[in-house]
Amino acid sequence: MALAHNLGFPRIGRDRELKKALEAHWKGELDEAGLLRVGRELRAAHWQLQQDAGIELLPVGDFAWYDQVLTHSLTFGVIPQRFHRHGAKPGLDTLFDMARGASQNSCCGAAHAQELTKWFDSNYHYLVPEFTADQQFALSWEQLFEEVAEGQALGHNLKPVLIGPLTYLWLGKCKGGEFDRLELLERLLPVYGEILQRLAAQGIDWVQIDEPILALDLPQAWKNAFERAYNILQREPGRKLIATYFAGLEDNLGLAAGLPVDGLHIDLVRAPEQFPAILDRLPAYKVLSLGVVNGRNVWRTDLDKALEVLREAHGRLGSRLWLAPSCSLLHSPVDLTREDRLDSELQSWLAFAVQKCREVAVLAAALNDPQAAEVQAALTESRAVQASRAASARIHKPAVQARLAAITAADSQRQSPFATRIELQRARLQLPPFPTTTIGSFPQTAAIRQARQAFKAGTLSAAAYTEAMHDEIRHAVSIQEQLGLDVLVHGEAERNDMVEYFAEQLDGYAFTRFGWVQSYGSRCVKPALIVGDLSRPHAMTVDWIRYAQGCTSKLMKGMLTGPVTMLLWSFPRDDISREQQARQLALAIRDEVLDLERAGIKVIQIDEAAFREGLPLRQAHWQDYLAWASEAFRLCASGVRDETQIHTHMCYSEFNEVIESIAAMDADVITIETSRSDMQLLEAFERFDYPNEIGPGVYDIHSPRVPDTGEMVRLLQRAARHVPAERLWVNPDCGLKTRGWAETEAALVNMVAAARQLRAEL
Ligand code: GLN
Ligand code: ZN
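First, a word on what this report is: a plain description of the structure on this page.

Criteria and cut-off values
- Residues numbered from 1 in each chain as written.
- Chains lettered and ligands numbered in written order.
- Predicted model: local features only at pLDDT ≥ 70, side-chain atom pairs only at ≥ 80, totals over all residues.
- Heavy atoms only, no water.
- Near = heavy atom within 4 Å.
- Polar contact = N/O pair within 3.5 Å; in protein donor to acceptor, adjacent residues only side chain to side chain.
- Areas by Shrake-Rupley, 256 points an atom, 1.4 Å probe, with all protein chains shown as cover.
- Nonpolar A, V, L, I, M, F, W, Y, C, P; charged D, E, K, R; others polar.
- Helix = DSSP H or I, 4+ residues; strand = E, 2+ residues; numbered from the N terminus.
- Contact = heavy atoms within 4.5 Å.
- Donors = N, O, S within 2.8 Å, 3.2 Å for Na, K, Ca; no water.
- Tetrahedral: all angles 85-135°; square planar, octahedral: opposite > 155°, others 65-115°.
- Buried < 20%, exposed > 50% of the residue type's maximum accessible area, 1.4 Å probe, protein only.
- Pairing = 2+ DSSP bridges.
- Right-handed = clockwise from strand over helix to strand, strands pointing away.

1. Considerations on the site of ligand 1
Piece 1. Residues in close proximity to ligand 1 total 13 residues, the closest being Ser441, Glu492, Asp607, His649 and Gly735.
Piece 2. Ile439 places a main-chain nitrogen or oxygen 3.0 Å from a nitrogen atom of ligand 1.
Piece 3. Between ligand 1 and His649 there is a distance of 3.1 Å, counted from an oxygen atom to a side-chain nitrogen or oxygen.
Piece 4. Protein coverage of the free-state accessible area of ligand 1, which is 290 Å², stands at 93%.
Piece 5. Of the residues in the shell around ligand 1, the class split is 6 nonpolar, 4 polar and 3 charged.

2. Looking at the environment of Lys223
Piece 1. For Lys223, the position within the fold is in helix 8 (residues 220-233).
Piece 2. Note: C-alpha distance between Lys223 and Leu255 (32 residues apart in sequence) is 7.6 Å.
Piece 3. Discounting residues that sit within four places of it in the chain, Lys223 has contacts with Leu218, Asp251, Asn252 and Leu255.
Piece 4. Here the side chain of Lys223 touches Asp251 through a polar contact of 2.8 Å, side chain to side chain.

3. What about the coordination of the zinc ion (ligand 2)?
Piece 1. Taken together, the protein donors to the zinc ion (ligand 2) comprise His649 (NE2), Cys651 (SG) and Cys734 (SG), at separations of 2.0 to 2.2 Å.
Piece 2. Of note is the zinc ion (ligand 2), whose 4 donor atoms meet at the metal with angles of 87 to 125 degrees in an arrangement that counts as tetrahedral.
Piece 3. Counting along the primary sequence, the residues that act as donors to the zinc ion (ligand 2) give the motif H-x1-C-x82-C.
Piece 4. Judged by relative accessible area, His649 falls into the buried class, the value being 3%.

4. Details of the pairing of strand 12 (residues 321-325)
Piece 1. Across the 5 residues that make up strand 12, a large majority, 5, are buried.
Piece 2. Note that strand 1 (residues 3-4) and strand 12 share 2 bridges and pair parallel. Residue pairing for strand 12: Ala4 is matched across the bridge by Leu323.
Piece 3. Between the parallel elements strand 11 (residues 287-293) and strand 12, the chain passes through helix 11 (residues 303-317) in a crossover that is right-handed.

Right under this line is the structure:
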């Protein structure tokens with residue numbers, strides 16, 4: 001019998017109950033007992049949902065108050081000194097201090113939060129463990145064992161989920177001087193031993209140990225450490241399933257298959273080619289768990305297609321075959337039945353976490369009891385869904401496809417090389433040296449958000465809303481004029497979000513009401529869905545930008561989101577490649593670029609904030625991604641005349657390995673986040689002899705701190721050591737929408753003064 005299990009369930013709740021409870025607790029409106037009760041209720045509800053869906057072995061330990069890596073840090077006693085509370089045992093308040101920082105008035109003075117960073121290639125963020133060279137580990141928190149007891153009391157068959165020791169060490173960073181994190185392994189393993197013993201004493205049979213780093217390019221020392229670690233852990237009680245996901249094991253396949261544990265999970269959605277290769281490497285005693293239901297997207301599984309692989313696997317493995325989603329369902333929205341406004345056709349194409357559990361169970365049933373009526377019904381339904389998607393006029397649009405087919409190489413090439421363009425642009429734009437600009441957004445005030453909500457709710461008329469936004473634009477323009485900025489922006493007041501704003505206006509996108517996915521802590525995102533071929537039915541930004549340009553005789557920059565970022569921050573289609581979707585987006589945005597140009601806009605910025613984070617986990621796949629991603633950008637940007645200046649913007653990025661592709665995008669100006677790196681990020685541009693203009697951010701927009709002019713002058717002087725001064729722009733690190741007006745104005749006054757000082761020194 002093949003077994004249906006799950007690697008993890010979203011913890012946030014189908015109505016974001018956890019978010020609401022956490023925020024109420026932080027505001028002092030919900031006490032700890034109340035918060036604990038919400039957690040208990042959510043866990044109970046989620047186990048029940050999974051069990052009702054037919055999952056036989058339920059994850060426990062996938063719940064986290066803020067983040068699962070942070071849970072492990074607390075459990076292992078990896079609590080930096082600054083969060084120690086005198087004498088007190090670490091608890092929930094310690095955990096929240098580590099996540100959010102502790103303020104001045106707590107017992108131990110101010111302590112800044114731990115760093116947040118992206119969980120592999122997802123949009124989930126974890127709290128980076130901080131290790132010291134003399135790091136000690138000790139079992140310090142009982143949450144896991146309590147949850148196990150809680151689930152057992154409810155009668156569930158549970159499989160605790162742990163992040164494996166190597167992945168945990170890999171994800172952390174060294175504090176107080178560099179050292180090799182691997183040296184901590186021997187000290188860390190006894191804690192895992194203790195946990196496994198405690199779980200066994202609770203009657204636990206299987207434990208899932210997540211080692212997703214097995215899907216990365218690993219240094220040899222780390223590979224070796226895997227064998228060492230699991231040779232030690234195999235002596236501990238309990239059967240162990242190593243879970244890998246997000247990419248293929250590739251060169252680590254033999255290593256992963258051979259580890260002395262009882263089972264291995266692999267992701268066949270991201271890396272289908274791992275099957276059947278894995279069968280030849282898997283020892284005969286081992287369970288193989290196949291992830292065939294996509295945990296990272298919202299589309300229903302093609303059951304027939306999944307069964308092709310599963311039948312073969314079942315024939316070879318019998319009851320040693322387990323089925324699961326490809327990865328934890330943490331990355332999926334919770335429950336499709338919560339959606340009350342989707343049309344029935346679209347609804348029939350989708351599966352969220354609850355529905356994905358059902359798919360896993362049905363696939364197991366299809367192997368164990370192929371003739372069962374529920375299996376037959378599910379297969380019939382799955383075929384109908386696939387047929388409806390394959391034929392739907394809502395998905396397949398001949399006009400878009402014809403346009404795509406007609407793309408020529410010339411379409412993604414500016415008319416003249418940069419050297420020619422920049423002369424024409426300089427003559428036309430008449431900018432001073434060290435031109436100043438901003439990245440696009442100005443403070444999104446409460447008034448702006450209220451106006452947008454009222455407009456969406458229908459309580460504010462379109463005319464009144466437009467007027468309110470025009471007021472904001474005039475305000476932003478007049479401040480920029482007073483500040484003496486050279487290239488102005490309209491301020492993006494009308495935008496809720498840099499992707500959603502455009503997605504809502506493109507044909508081919510759809511939106512859910514409750515499709516929330518946790519991003520970090522209590523924060524969730526609700527990505528738009530790319531459903532069908534994409535096109536732009538009408539201009540999206542032209543009226544706003546034209547209005548803004550009408551308010552000033554200075555240059556007004558048009559502001560767009562680029563194709564790669566649109567794609568990466570949406571749920572993409574699974575029936576055509578990401579590359580094709582990026583091209584469709586590129587053509588749609590290209591139309592907007594050309595409309596802006598026709599409206600007299602001379603500078604157009606196309607943001608690619610997500611460009612670098614789209615890099616595949618394995619370096620061997622980078623070139624392929626970079627080639628289509630930079631081509632999509634060029635396709636979107638290259639329709640304009642030489643004298644129209646194209647800007648792009650990227651958030652904090654390590655550019656070293658990708659500089660060639662950044663250059664291949666051929667933006668006339670790139671603005672990047674650099675202030676926190678002390679301009680070190682420019683070294684990559686210098687080494688590569690990056691030819692185009694660059695605006696390295698001169699101040700950090702994440703903090704309300706207002707840097708003084710001298711500081712920015714110093715950063716610019718430093719920048720000028722890497723990039724010729726005549727190619728430098730002066731701007732903040734990123735958009736200012738999260739800042740208040742007072743600090744924004746104060747910082748920009750200093751920034752303009754810094755640019756003037758540098759001009760005077762030329
Ligand atoms: N233009 C956008 C803004 O200013 C860019 C945001 C981003 O890079 N994340 O808000
Ligand atoms: Zn940015």
